[in-house]
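For reference, the chains in residue letters:
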Amino acid sequence: GLQELAAEGLKEAAKEGKPFFLYLPLPAPHTPIVPVPPFKGASGINSYADFVMQCDHHMGQLFTALKENSIDENTLVVFTSDNGGASYIGLSNINQPYRGWKLTLFEGGTHVPFLAKWPAQIEAGSQFDAPIHHMDLFSTFAAAAGVATPKDRIIDGVNLLPHLNGTQTTPPHETLFWLQGHQETVLHRGMKLIRAQEPRKVWLFDLKADPTEQFNLANERPETVKLL
């Protein structure tokens, strides 16, 4: 499987002794939800939970390969997802406590797991609460490998490492934007505006006070809507 190939790649990278990059898009948990033995039925909950256990096992194989090749302490591993859970898998609570689903720009669609492990550089158990984006990974990985990013184009992402180790105290981003079909979103200093065409509607949320997007402030704060 993919994880076995990845483990072999890590072994070769350790031999080279040079910076390396591995991208591993595991099929679990994603549709079609078909966990394989011995994970099928292992959770005692449902097939999706079985699939999560399968994903966890494969990640464990990678961490074992890193340790066996003595590169676990000085390797940055990021575990994340490209979107929130989808409505069509039939699990109503999959994105709780956040509102919305995959393909929407409510937090349930864009607020995703993002975990980083690098024992030599990131304090275990630490938490970082400011908004970040997957586009930050490029600059972060380049910095971790000690290579410069291109100077002939604009790089939107930022190196997150100074923010994670406390040497940079300002937030990585003042403003972030999303576009999904007819939906447009801007997050600026904690205020989030969603503008949709189907239905034609505007939502304004104060994520600091209302992270689960229960209260639409668009009618109450027209100047903020205009600004965003």
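Located above this text is the structure these notes cover.
Here the structure is a predicted model, which is why all the values come from computation and not from measurement.

Caption draft 1: Here's a closer look at the overall build of the protein. Counting its secondary structure elements, the protein contains six helices and six strands. Taken from N to C terminus, the helices and strands of the protein fall in the order α-α-β-α-β-α-α-β-β-β-β-α. Overall, the C-alpha framework of the protein stretches about 60 × 45 × 30 Å when taken along its three principal axes. Carbon and sulfur atoms make up 55% of the accessible area of the protein, which totals about 14600 Å². If you average the places of the 18 positive and of the 24 negative side-chain charges in the protein, the two averages end up 5 Å apart.

Caption draft 2: Molecular detail of unusual backbone geometry. Following Pro-37, the chain continues into Pro-38 via a peptide bond in cis, with omega recorded as 5 degrees. Examined against the element boundaries, Pro-38 turns out to sit in the loop between α1 (2-16) and α2 (47-68). That bond from Gln-96 to Pro-97 is cis: its omega, 5 degrees, falls within 30 degrees of zero. Along the polypeptide, Pro-97 turns up in the loop between β1 (77-80) and α3 (107-110). Although it is not a glycine, Leu-103 adopts a positive phi angle of roughly 75 degrees. Inspection of the secondary structure assignment puts Leu-103 in the loop between β1 and α3.

Caption draft 3: Structural context of the side chain of His-173. Along the chain, His-173 turns up in the loop between α5 (161-164) and β3 (175-180). Given the relative accessible area of 12%, His-173 is considered buried. Separated by 2.8 Å, the side chains of His-173 and Asp-136 make a polar contact. Those residues in contact with His-173 that sit more than four places away from it in its chain are Pro-131, Ile-132, Met-135, Asp-136, Asp-156 and Val-158.

Caption draft 4: Representation of the sheet that holds β3 within the structure. The strand order β3-β4-β5-β6 describes an open sheet built from four strands, whose pairing is antiparallel. The strands lining the two open edges of the sheet, one partner per strand, are β3 and β6 (200-206). The average angle at which neighbouring strand axes cross in this sheet is 10 degrees, direction not considered. Here β3 runs beside strand β4 (residues 183-188); their pairing, made up of six bridges, is antiparallel. Opposite Leu-179, over in β4, you have Glu-184 as the bridge partner.

Caption draft 5: Examining the packing of aromatic side chains more closely. Throughout the structure, instances matching the rule amount to three aromatic pairs. Between the aromatic rings of Phe-21 and Phe-141, the centroid separation amounts to 5.7 Å while the plane-to-plane angle is 50 degrees, which identifies the pairing as tilted. Linking Phe-21 in the loop between α1 and α2 with Phe-141 in helix α4 (residues 136-145), this pair joins segments that are 120 residues apart in sequence. Of the residues examined, Phe-21 reaches a relative accessible area of 57% and is grouped as exposed. Classification of Phe-141 as partly exposed rests on a relative accessible area of 27%. Grouped by ring-pair contacts, the aromatic residues Phe-106, Trp-203 and Phe-205 constitute a single cluster. Sitting over the ring of Phe-106, Arg-99 keeps its end group 4.3 Å from the ring centre.

Caption draft 6: Molecular detail of the environment of His-111. In this structure, His-111 sits in the loop between α3 and β2 (114-117). Each C-alpha atom of the pair His-111 and Ala-13 lies 33 Å from the other, and the pair is 98 residues apart in sequence. Looking at His-111, its side chain comes within polar contact range of the side chain of Tyr-98, at 3.5 Å.

Caption draft 7: Quick look at α2. With 22 residues, α2 extends 32 Å between its outermost C-alpha atoms, agreeing within 8% with the 32 Å of an ideal straight helix rising 1.5 Å per residue. The complete set of buried residues in α2 reads Ala-49, Asp-50, Phe-51, Gln-54, Cys-55, His-58, Met-59, Leu-62, Ala-65 and Leu-66. Along its buried surface, α2 packs onto α1 and β1. The N-cap residue of α2 is Asn-46: its side-chain oxygen and the backbone nitrogen of Tyr-48 are 3.1 Å apart.

Caption draft 8: Main features of the pattern of salt bridges. A complete count under the given rule lists six salt bridges for this structure. Between Arg-195 and Glu-184 there is a salt bridge, with the nearest N and O atoms lying 2.9 Å from each other. Pair noted here: Arg-195 is in strand β5 (residues 191-197) and Glu-184 is in strand β4, with a separation of 11 residues, a long-range link. Residue classification places Glu-184 among the partly exposed positions, given a relative accessible area of 33%. A salt bridge links Glu-213 to Lys-192; the nearest nitrogen and oxygen atoms lie 2.9 Å apart. Taken together, the residues span a long stretch of sequence, with Glu-213 in the loop between β6 and α6 (222-227) and Lys-192 in strand β5 at a distance of 21 residues. Accessibility expressed as a relative area gives 0% for Glu-213, which makes it buried. Connected via shared salt-bridge partners are Glu-107, Lys-192 and Glu-213.

Conventions adopted
- Residues numbered from 1 in each chain as written.
- Predicted model: local features only at pLDDT ≥ 70, side-chain atom pairs only at ≥ 80, totals over all residues.
- Heavy atoms only, no water.
- Helix = DSSP H or I, 4+ residues; strand = E, 2+ residues; numbered from the N terminus.
- Areas by Shrake-Rupley, 256 points an atom, 1.4 Å probe, with all protein chains shown as cover.
- Lys, Arg positive; Asp, Glu negative; His and termini not counted.
- Charge placed at Lys NZ, Arg CZ, Asp CG, Glu CD.
- Buried < 20%, exposed > 50% of the residue type's maximum accessible area, 1.4 Å probe, protein only.
- Polar contact = N/O pair within 3.5 Å; in protein donor to acceptor, adjacent residues only side chain to side chain.
- Contact = heavy atoms within 4.5 Å.
- Pairing = 2+ DSSP bridges.
- Axes fitted to C-alpha atoms, helices over the stretch in contact; angles between N-to-C directions.
- Phe/Tyr/Trp six-rings, centres within 6.5 Å; stacked < 30°, edge-to-face > 60°.
- Lys NZ or Arg CZ within 6 Å of the ring centre and 35° of its normal.
- Expected span 1.5 Å × (residues − 1).
- Salt bridge = Lys/Arg side-chain N within 4 Å of Asp/Glu carboxyl O.

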